[in-house]
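# Chain and residue survey
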Amino acid sequence: MTKIKRVQAFALSCSTPGGAVFAVGRSAKRDMVLVRIETEDGIVGYGEAHHAQTPSTIAAFINDALGPSLVGMDAHETEAIWDRSYRRFIATHGPGAAAVIGLSGVDLALWDIKGKDLNQPVFRLLGGARRPIRAYAGGISLGFQPVDDLKREIEQFIGRGYDFMKLRVGDTMEKDLERVSAIRAAFGPEITLAADAGTRYRTSDIARIAELCDAGRLAWLEEPFTPDNLPGYRRLRDVTPTPLAAGENHFTRHELRALISEQIVQFVQADCCKTGGITEILKIASLADTWHLQFAPHTSASVLSTAASLHTLSVAPNAFIYEADVSAINAFRDELGKPFEIVDGIILAPEGPGLGVEINESLISRYPFIPGASYQ
C-alpha cells in the first residue's frame, strides 16, 4: 500500500504587465495552485488546481479540509478517494467551485504518484497510446486589440506552425463583428478560426451572434453565455449551423450532463484542473463520446495542466484538439518544468512516469501569491 503522508497546496502568482484584454478584463497576473502529495515511502506527486480567481482560497481548502482527510489512504485508489471526497465535500453542499477544483488538483497529483510508483506514464495506465495531437493557439491571447495587431499576432502563430486560432469576442457586438470579419477576410481558408465569448453575450444578442458566426465561418463559438443559461444555448444552437463549445465552467459530469445529453454543444471543453481531475474528465469524455460529441479540453496555467490534458487526449476516442496557451508571459508554462514543444501544430504526451513532468520546486518561493484580482 502506498499510503498518503502529506498533502500541501501552494497559491502562486506571476505578474503579466501589458497582459491581453478579453471578456473578463485585462490579465494582471497568472495564478495557479500547485498541489504536492507525499507518500510514506517517499514518492512525491504534483498536480494543478485552477486558480478560480481566488487561488489562496483553493489552497486553503486543500490544506485545511480535503488534504487532511486523505492522510493514510492508499494513493493508488483514485476512484475510491474521488468518490469519498465527492460525498464528503461536494454532494451534500452542491458542486461549489473551491471543492471541485481542489479535488481536481489532488486527483492529478495522485495519478502522478500512481505512474511514478508503477514506472509508467499516465496515458499507458489509462490504456492509451502516445500519438500526435493537433494543437491550436489559445490561452490568454488574441484579445481585444486593433485588427492590425491581431493580424500580426496571428502571423506570428502561423510562423510557429499553428493553423487553428481562437479569437476573443464578448466585447461589443460591433467590435466583435469587425474583428472577426477582418481576420477571416485577411487570412481566408488559410486558418481555422474559432471564437471565445467568455460567457459575456446575452440571449437578446442571438441574432447578432449568428451573424458573427457566419461572418467568421467559425469552427466553433465557445461559451457564448453563462453556464446556467442553458435556454440561451438551446436557442442559439437552433438558429446557427456553427457548432457551440462549452464545459470549462461546468463542474463534474453531473453539471455537464444536460449539455451533452441534449447535444447543446458539439465540443465538450471540460478542464482537468477544474472539473474533478483525470478521474472525472475521462468519464466526461466517455459520456460525450456516447452522444457523438468531440472532446477538446480547456487547459489551465501550467505544464501540469498541459501534461494531464495530453494524457487524457491520448486515451479518449473522441479526442479532437489540445488548447495551447500562447500568451506572452506564463512562468508556470515555461519555468515550473520543461516546456512542451509544439512542432508544426502537433504536440505529444510526455513519456516519463506519472504525468511525466519534473517539477522545479524553487518556483514556490520565487513566485509567491500576489493578492488581488487576476483580471482588471
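Scope of this entry: the structure provided in the associated data block. (Residues numbered from 1 in each chain as written. Predicted model: local features only at pLDDT ≥ 70, side-chain atom pairs only at ≥ 80, totals over all residues. Heavy atoms only, no water.)

All right, on to the overall build of the protein then. Helices and strands together make up the secondary structure of the protein, namely 13 helices and 14 strands. Compactness check: the protein gives a C-alpha radius of gyration of 20 Å against a globular reference of 21 Å for 376 residues, within 12% of the reference. Judged by the C-alpha coordinates and their principal axes, the protein covers about 60 × 40 × 40 Å. The contacts of the protein with a sequence gap of at least 6 include a subset with a gap of at least 24, amounting to 74%. Carbon and sulfur atoms make up 49% of the accessible area of the protein, which totals about 14300 Å². (Helix = DSSP H or I, 4+ residues; strand = E, 2+ residues; numbered from the N terminus. Rg over C-alpha atoms; globule rule 2.2 N^0.38 Å. Contact = heavy atoms within 4.5 Å. Areas by Shrake-Rupley, 256 points an atom, 1.4 Å probe, with all protein chains shown as cover.)

Bringing the nonpolar core into the picture now. Judged by nonpolar contacts, the single largest core of 81 residues is most densely connected at Met-165 and Ile-278. When residues in this core are grouped by element, the largest group, six residues, is from helix α11 (residues 303-313). Not counting the four nearest positions on each side in its chain, Met-165 is found in contact with Ala-137, Leu-142, Ile-154, Phe-157, Ile-158, Ile-191, Thr-192, Leu-193 and Ala-194. Within the second largest apolar cluster, 31 residues are counted, among which are Ala-11, Ile-58, Leu-66 and Ile-90. (Core = buried A, V, L, I, M, F, W, Y, C linked by side-chain atoms within 4.5 Å. Buried < 20%, exposed > 50% of the residue type's maximum accessible area, 1.4 Å probe, protein only.)

What the three strands build is an open sheet, ordered β1-β4-β5; its pairing is antiparallel. The open sheet is flanked by β1 (4-15) and β5 (44-49), the only strands paired with a single partner. On average, adjacent strands in this sheet sit at an angle of 20 degrees to one another, irrespective of strand direction. The pairing of β1 with strand β4 (residues 29-39) spans eleven bridges and is classified as antiparallel. Residue pairing in the sheet places Gln-8 in a bridge with Arg-36 of β4. Here helix α3 (residues 97-118) sits on the sheet in contact with β1, β4 and β5, set at roughly 150 degrees to β5. (Pairing = 2+ DSSP bridges. Axes fitted to C-alpha atoms, helices over the stretch in contact; angles between N-to-C directions.)

Moving on, we come to the pattern of salt bridges. Taken as a whole, this structure holds 25 salt bridges when the rule is applied. Between Arg-208 and Glu-211 there is a salt bridge, and its shortest N-O distance comes to 3.2 Å. Taken together, the positions of Arg-208 and Glu-211, both in helix α7 (residues 206-216) and three residues apart, correspond to about one turn of that helix. You can call Arg-208 partly exposed: its relative accessible area is 31%. Glu-248 is the salt-bridge partner of Lys-274, the closest N and O atoms lying 3.8 Å from each other. Linking Lys-274 in the loop between β11 (267-268) and α10 (277-290) with Glu-248 in the loop between β10 (244-246) and α9 (252-261), this pair joins segments that are 26 residues apart in sequence. For Lys-274, a relative accessible area of 4% puts it in the buried group. Look at the salt bridges and you will find they share partners, linking Lys-166, Arg-168, Asp-196, Glu-222 and Glu-323 into a network. (Salt bridge = Lys/Arg side-chain N within 4 Å of Asp/Glu carboxyl O.)

Take unusual backbone geometry next. The residue Thr-252 is not glycine, and still its phi comes out positive at about 65 degrees. In this fold, Thr-252 is placed in helix α9. Look at Thr-252 and you get buried, because its relative accessible area is 1%. With a phi angle near 50 degrees, Gln-263 is a residue other than glycine that sits in the positive phi range. Relative to the elements of secondary structure, Gln-263 occurs in the loop between α9 and β11.

Moving on to the state of the cysteines. For the structure shown, the criterion picks out zero disulfides. Unpaired in terms of disulfides, Cys-273 finds its nearest cysteine sulfur in Cys-272, a separation of 6.3 Å. We classify Cys-273 as buried; its relative accessible area is 0%. (Disulfide = S-S within 2.5 Å.)

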